Amino acid sequence: MSTSQSPIDAKADEIDDVEEHLTLRKRLWGTLKRDKKSMLGAIVILSFLLVAIFAPYVAPVDPEQEYGIMEPPNTHSETADGEAYHLLGTDSYGYDIFSRIIFGARISLLVALVTVLFAFTTGTAIGLAAGYYGGWIDSLLMRYVDFQWAFPTLILAAGIIAVSGSLGVINVIIAVGVAFIDDFARLVRSEVLSLREKEYVVAARAIGMSDRRIMIKEILPNAVASLIVQVTLMIPIAILAEASLSFLGLGVRPTTPTWGLMLNEGRQFITQAWWLSIFPGFAIMIVVLAFNAFGDGLRDAFDVKEGEVLDR
Amino acid sequence: MSDSSLQSDDGEPLLTVRNLKKHFDTSTGLTDRLLGGGQSVKAVDGVDLTLHEGETLAVVGESGCGKSTLGRAILNLHQPTDGTVRYGGEDITHLSGKEMKPYRQKLQLIFQDPLSSLNPRQTVNEIISAPMEVHGIGDSAADRRERVEELLVQVGLKESHADRYPHQFSGGQQQRVGIARALALEPRVIVADEPVSALDVSVQAQILNLLSELQSSYGLSLLTITHDLSVVSQIADRVAVMYLGEIVEIGPVEQIFERPQHPYTRALLSAVPRIDAADRTDRILLKGSVPSPINPPSGCRFHTRCPEVIPSSAWPGNQSTFREAFRFYNRLLHEELEIDLVRERLENEGRSTDTDTVATQLLDESFQMPIEELPDDVQTVMYEIARHLIEDNREQAIETAQGVLDSPCKQSKPEMQVSGASQASCHLLTAEVTPTISPE
Ligand code: SF4
């Protein structure tokens, strides 16, 4: 058979000016360049991440080092090897607040990221199976998700921690992570329900592709945009959840530097020493706002409709 | 009824479909199922087909007649409700995903909307090599890539197109990619579901040519599903005409185009524009809408719209008057006669709304000919029906109508009748049921 007999469509000859294919990365970059707010959010997030990673090098002093208690911001302490400068003062134990906020970024961001990752993986698996198979699998899984959805995140997390009986980073991650599973499960299920009717999924079945491969290679990549947006919007909620649990005394062990714990401890002294709780509070606020700004930008970039994600 | 006489050769047909049914359950919940409130859409309702090595069979019908469902039920993409599909003698009707896999390699599908059949996040290379990966063809990605490029050239694209994404092509090119994917496994049978209806007219012929070229070079059997008779005449050897889930006529294309046996086929063909004036026939307009496949009409499913419907034995007039009256009867049965609207209209015009006036108005609106042209006794009966209806006595109206209007077409299902190399199912083709002999 020769190809010369089947004339190439007229358009094929003008091949060289085809519409450019925009990968997710290109679209994201385009949006960041256009949208200053989400660019700012991205920069803030990036700086916090860098600070968290390089905390030991960035922090001026050891966060476990005790100085005079409740020194106000912009003061100095005399130490054996010279002077220590307290940009944001010291807390009720005499720890340097600035250094503790820097080390706190590590825990807060780590907890938030791992929490969301955990919820993302589990929720996506549940949503994929429920949406793709339908029937009783769907009823069973979604019954569970609805059950869980009926509980407020914090109460559920507090309950999980109470049942597990101990404090600690891992427990916080599991508790908050479990509480977020329903958000991902619902999102993925609704995406799968519309995607599985697409003809390319029928085509995949027609070539004999296994269900697993169809779910992972054909369906999931088409849901990735809304998932990324969801992740970005869930991280600040996870940060707040961790802070709230710590604030309630249900989070990590009391000596660990986290923003939530610092906020809680400073609360008792708010009239004498405002800086104890105000600065960790600011840190939380800035990161949360940065993630939200960035998430909104992503939503525009990937053209995900509002309301499609995050029905909290 | 056996269509063994229709086989173009003596060998076992490649694909044999027997009494295939696909009903979709519309019940939504448990209560529906318990109370039996759910209804089923009889999309495909007892279809017999055979497809031979190297031939092209076209299934033609209006949209909603179940032809796409038929294609997918044959490929086991919709689990059939009943009946069998055999591929080369093996029953593949109820095979599970895994058991079906070796047959998937032999049976492929081409879609109506080429863009939506291609994953927007994959390059053409990924799309076409996926079937090879799944079936373990080719030793490495590079191997498969080579084969992808070969296939692209075969379908009239360029090797460099392998790295493009689907939306970067025109519709015709996208369909070529879809065809290349179907060919990747070197199948024996391709089901093409409206392969050109989404394309520009200028591109349609190119794609059809490509399909016939590939068919002869690969020795493929093609099952083309279409609503377009010009597609049929361009590529098909045989054609099956489908109406409401059933095949009403099947046979070689020339024979059916020249001497259609079934009134529905005649109606479809009359709508095809002819260049040759001598071939032109008066266009037969089908009246009424396609009935719902949830409750298909009894007897011959086409009776609600058939222009040649057979008068009942009690009918004193001719066929054309019967047809009118029968249409009126069907509208009565399907509650399409809107007495209230008629009454309202009369009121607005300031006319009286007593039973007789409404009855006259209703009959005037329902019949295309003046009602006076009907035989006298028929007129009387029609008025009687209308009056019962106006007096809210629907049962009585139907009973009265039944007496004179029950066509044999409505009472019994016509069997397939063989005529030469083709078959059709219509009472007109059967000796026992003629207008003059009363049905049992
Ligand atoms: S059986 Fe009667 S209604 Fe059906 S096609 Fe033949 S003539 Fe028409």
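Parameters and conventions
Residues numbered from 1 in each chain as written. Chains lettered and ligands numbered in written order. Predicted model: local features only at pLDDT ≥ 70, side-chain atom pairs only at ≥ 80, totals over all residues. Heavy atoms only, no water. Helix = DSSP H or I, 4+ residues; strand = E, 2+ residues; numbered from the N terminus. Rg over C-alpha atoms; globule rule 2.2 N^0.38 Å. Contact = heavy atoms within 4.5 Å. Buried area = accessible area lost by both parts, 1.4 Å probe. Salt bridge = Lys/Arg side-chain N within 4 Å of Asp/Glu carboxyl O. Polar contact = N/O pair within 3.5 Å; in protein donor to acceptor, adjacent residues only side chain to side chain. Nonpolar A, V, L, I, M, F, W, Y, C, P; charged D, E, K, R; others polar. Phe/Tyr/Trp six-rings, centres within 6.5 Å; stacked < 30°, edge-to-face > 60°. Pairing = 2+ DSSP bridges. Axes fitted to C-alpha atoms, helices over the stretch in contact; angles between N-to-C directions. Buried < 20%, exposed > 50% of the residue type's maximum accessible area, 1.4 Å probe, protein only. Right-handed = clockwise from strand over helix to strand, strands pointing away. Core = buried A, V, L, I, M, F, W, Y, C linked by side-chain atoms within 4.5 Å.

Looking at the overall build of chain A
Within chain A, the secondary structure is distributed over twelve helices and two strands. Each helix and strand of chain A, placed in order from N terminus to C terminus, yields the pattern α-α-α-α-β-β-α-α-α-α-α-α-α-α. Relative to its length of 312 residues, chain A is extended, with a C-alpha radius of gyration of 25 Å against a globular reference of 20 Å. Counting only C-alpha atoms and orienting by the principal axes, one finds that chain A spans roughly 90 × 50 × 30 Å.

Thoughts on the interface of chain B and chain A
How big an interface is tends to be expressed through the accessible area that disappears when the partners come together. Contact with chain B, which involves 45 residues of that partner, is made by 31 residues of chain A. Both sides of the chain B and chain A interface together cover about 3400 Å² of buried area, and 52% of this is carbon and sulfur. Area buried by chain B at its contact with chain A is led by L77, R121 and E213 of chain B, which between them contribute 17% of it. In this assembly, chain B and chain A are joined by two salt bridges. Measuring nitrogen to oxygen at the nearest pair gives 3.3 Å for the salt bridge that ties R72 of chain B to E199 of chain A. Where chain B packs against chain A, one counts 13 residue pairs in polar contact (both at pLDDT 80 or more). Going through the elements one at a time, α3 (97-104), β6 (107-110), α4 (124-134), α5 (141-154), α6 (171-183) and α7 (201-218) of chain B are the ones with two or more residues in the side of chain B that touches chain A. Top contributing element to the side of chain B that touches chain A by residue count: α7 of chain B, with six residues. Here the side of chain B that touches chain A is composed, by residue class, of 16 nonpolar, 18 polar and eleven charged.

Here's the deal with the packing of aromatic side chains
Residues and elements named next belong to chain B. For the structure shown, the criterion picks out 14 aromatic pairs over all chains. Note on F326 and Y329: the rings are 6.1 Å apart at their centroids and 65° apart in plane angle, and the pair reads as edge-to-face. Of this pair, F326 and Y329 both sit in helix α11 (residues 319-333), three residues apart, which is roughly one turn of that helix. With 5.4 Å between their ring centres and 45° between their planes, F328 and F367 make a pair best called tilted. In this pair, F328 sits in helix α11 while F367 sits in the loop between α13 (355-366) and α14 (376-390), placing the two residues 39 residues apart along the sequence.

Thoughts on the sheet that holds strand β10 (residues 246-252) of chain B
Residues and elements named next belong to chain B. Here eight strands make up an open sheet; going across it, the order is β6-β7-β8-β3-β9-β10-β12-β11 and the pairing mixed. The sheet terminates laterally at β6 and β11 (416-419), the two strands that pair on one side only. Averaged over all neighbouring strand pairs, the angle between strand axes comes to 20°, with direction disregarded. Two elements, β6 and strand β7 (residues 189-193), share four bridges in a ladder whose sense is parallel.

As for the sheet that holds strand β1 (residues 15-25) of chain B
Residues and elements named next belong to chain B. If you trace the four strands from one edge of the open sheet to the other, you get β2-β1-β4-β5, paired in antiparallel fashion. Each end of this open sheet is capped by a strand with a single partner; those strands are β2 (40-51) and β5 (90-91). Here β1 runs beside strand β4 (residues 82-87); their pairing, made up of five bridges, is antiparallel. Pairing of V17 across the sheet is with V85, part of β4. Relative to β1, helix α2 (residues 67-74) is tilted by about 115°, and along the sheet it contacts β1, β2 and β4.

A word on unusual backbone geometry
Residue and element names in this part refer to chain B. At N19, a position not held by glycine, the phi torsion is positive, near 50°. A positive phi is found at E194, a non-glycine position, where the angle reads about 45°. With respect to the helices, strands and loops of the structure, E194 is situated in the loop between β7 and α7. Given a relative accessible area of 7%, E194 falls into the buried group.

Description of the pairing of strand β8 (residues 221-226) of chain B
Residue and element names in this part refer to chain B. Within β8, six of the six residues are buried, which leaves the element mostly enclosed by the surrounding structure. The alternating pattern of β8 places S221, L223 and I225 and L222, T224 and T226 on opposite faces, both of which are buried. As defined by bridge partners, β7 adjoins β8 across five bridges and the pair is classed as parallel. The residue of β8 that forms the bridge with V189 is S221. Handedness of the β7-α7-β8 crossover: right-handed.

Re the nonpolar core
Among the nonpolar cores identified, the biggest contains 71 residues, and I97, I101, I219, I239 and W259 of chain A are the most heavily contacted of them. Ranked by residues supplied to this core, first place goes to helix α10 (residues 211-247) of chain A with 15 residues. In this structure I219 of chain A touches L128, Y132, V192, L195, R196, V201 and I214 of chain A, once residues within four positions along its chain are discounted. Core analysis: the second largest hydrophobic core is formed by 53 residues, C306, V358, L374 and Y383 of chain B among them.

With respect to the environment of T430 of chain B
Residues and elements named next belong to chain B. As for its placement among the helices and strands, T430 is situated in the segment after β12 (422-425). Relative accessible area serves as the criterion here: at 12%, T430 is assigned to the buried category. Residues T430 and Q417, spaced 13 residues apart in sequence, show a C-alpha to C-alpha distance of 7.4 Å. A polar atom in the side chain of T430 sits 3.5 Å from the backbone oxygen of C426.

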